[in-house]
Amino acid sequence: MAEPHLPTECAAPRLPRLSRQRICAIRRWTPVLWSIRIERPANYTFQPGHYARLGLPADTPDAAVWRPYSLVSAPSDSELEFLLVLIPGGAFTSQLAALKEGDALLLEQAVFGFFLETQLAPGDTLWMLATGTGVGPCVSLLRTPGALDRYARAVLVHSVRHTAELACRDEIEAPAAVSNSRLVYVPIVTREPGATALSGRIPRLIADGTLQARVGHTLEPADSRVMVCGNPEFTTEMRALLTERGFTPCRRNSPGSMLFEKYW
Ligand SMILES: Cc1cc2nc3c(=O)[nH]c(=O)nc-3n(C[C@H](O)[C@H](O)[C@H](O)COP(=O)(O)OP(=O)(O)OC[C@H]3O[C@@H](n4cnc5c(N)ncnc54)[C@H](O)[C@@H]3O)c2cc1C
Ligand SMILES: NC(=O)c1ccc[n+]([C@@H]2O[C@H](COP(=O)([O-])OP(=O)(O)OC[C@H]3O[C@@H](n4cnc5c(N)ncnc54)[C@H](OP(=O)(O)O)[C@@H]3O)[C@@H](O)[C@H]2O)c1
């Protein structure tokens, strides 16, 4: 049977599936850690916690290399920001590291993921626990006006190997300093003794109560909500630790008390 022929005016407008976007700015935190901002296409919408898919332009569409990256921008920003670490020999990042301002990247029009604060049940304190570039979605939340209004306080714990890897540190510290403890920032440097007040890995600092003592608040499912992002061994350890303490995962149509984003 012949395909029904739709009159032109009935066809829904279609957005391009992917687009080429120019790199507007690059900020290097260390030789292997940097932020980029790219042009934002029209009609590109997202929430804090979503991730985008970036591609490296290639001679043929099939040859392009694609990888997921968390959005660091606020949904209202005019450009899209990402925080990237170079993986030695990595198929994507080793080529990405060579790009300059003005060069192009491919961007899928859709956004992805369920690492969305809105998935959590109402609570009193939001704990954001991140390693390395996993701080990106937390910064997106902090940059989004009103995103944390339903909490009495928010705690951002960021663990990195070296001080210089505390990306966005000034941007987080400044509002925390004037927040009257509504925003608590706990930077943790693990491989430079004495660089920060706390220097151990996050799961151990929680297990022995050091982190809660530093923040001045307990971590309990009754009033705490937890977002965990970054290194997969870290997210796995945190899931086990929080489950043992009675935290519950978020399911479709069933808000929980903990959320995870694993980066590799
Ligand atoms: C939902 C999601 C969001 C992500 N967001 C970010 C982000 O905001 N910033 C970011 O830098 N990366 C992010 N990643 C990781 C990113 O997608 C790539 O995996 C990473 O950049 C490596 O790509 P590559 O092609 O250079 O390395 P590949 O050639 O794909 O990988 C080489 C090896 O490195 C391992 N690997 C991948 N990523 C890491 C890492 N970060 N540290 C150590 N080993 C790793 C892989 O398991 C693999 O064995 C995210 C991943 C997911 C799933
Ligand atoms: N950061 C660098 O200097 C550097 C340099 C060159 C290349 N790279 C590349 O970048 C990749 C990512 O490095 P990264 O430093 O961003 O991420 P990372 O290796 O995940 O380390 C980030 C932070 O997470 C901590 N961590 C690691 N495993 C953990 C676990 N199971 N539980 C709790 N905390 C944990 C680390 O503590 P510990 O210090 O205790 O591990 C560190 O404080 C590396 O694999 C490497 O390929 C990094």
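What counts, and at which threshold
- Residues numbered from 1 in each chain as written.
- Chains lettered and ligands numbered in written order.
- Predicted model: local features only at pLDDT ≥ 70, side-chain atom pairs only at ≥ 80, totals over all residues.
- Heavy atoms only, no water.
- Salt bridge = Lys/Arg side-chain N within 4 Å of Asp/Glu carboxyl O.
- Helix = DSSP H or I, 4+ residues; strand = E, 2+ residues; numbered from the N terminus.
- Buried < 20%, exposed > 50% of the residue type's maximum accessible area, 1.4 Å probe, protein only.
- Near = heavy atom within 4 Å.
- Polar contact = N/O pair within 3.5 Å; in protein donor to acceptor, adjacent residues only side chain to side chain.
- Areas by Shrake-Rupley, 256 points an atom, 1.4 Å probe, with all protein chains shown as cover.
- Pairing = 2+ DSSP bridges.
- Right-handed = clockwise from strand over helix to strand, strands pointing away.

1. Some thoughts on the pattern of salt bridges
Scanning all chains against the criterion turns up eleven salt bridges. Here glutamate 108 makes a salt bridge to arginine 53, at a shortest N to O gap of 3.1 Å. With glutamate 108 in strand E6 (residues 104–108) and arginine 53 in strand E3 (residues 51–56), the pair connects residues that are 55 residues apart, well separated along the chain. In this structure glutamate 108 comes out as buried when scored by relative accessible area, which is 11%. Overall, the relative accessible area of 24% leaves arginine 53 in the partly exposed class. Among the salt bridges present, the one from glutamate 171 reaches arginine 143, with a minimum N-O distance of 2.6 Å. Separated by 28 residues along the polypeptide, glutamate 171 in helix H3 (residues 169–177) and arginine 143 in helix H2 (residues 136–143) bring together distant segments of the chain. Salt bridges linked by common partners bring Arg17, Arg53 and Glu108 together as one network.

2. Here's the deal with the site of ligand 2
Close to ligand 2 lie 21 residues, the nearest being Ser159, Thr190, Arg191, Arg201 and Asn231. At 2.7 Å, a side-chain N or O of arginine 201 approaches an oxygen atom of ligand 2. Between an oxygen atom of ligand 2 and a side-chain N or O atom of asparagine 231, the distance comes to 2.8 Å. Its free accessible area being 860 Å², ligand 2 has 82% of it covered by the protein chains. Elements with a contribution of two residues or more to the shell around ligand 2: strand E8 (153–160) and helix H6 (232–244).

3. Some thoughts on the pairing of strand E7 (residues 125–131)
A large share of E7 lies buried, amounting to seven of its seven residues. As paired elements, E7 and E8 share seven bridges and run parallel to each other. Its bridge partner lying in E8, threonine 131 is registered against serine 159. Of the crossover connections in this fold, the one passing from E7 over H2 to the parallel E8 is right-handed. Sheet topology places E7 next to strand E10 (residues 224–230); six bridges connect them, and they run parallel. Looking across to E10, one finds that tryptophan 127 is bridged to valine 226.

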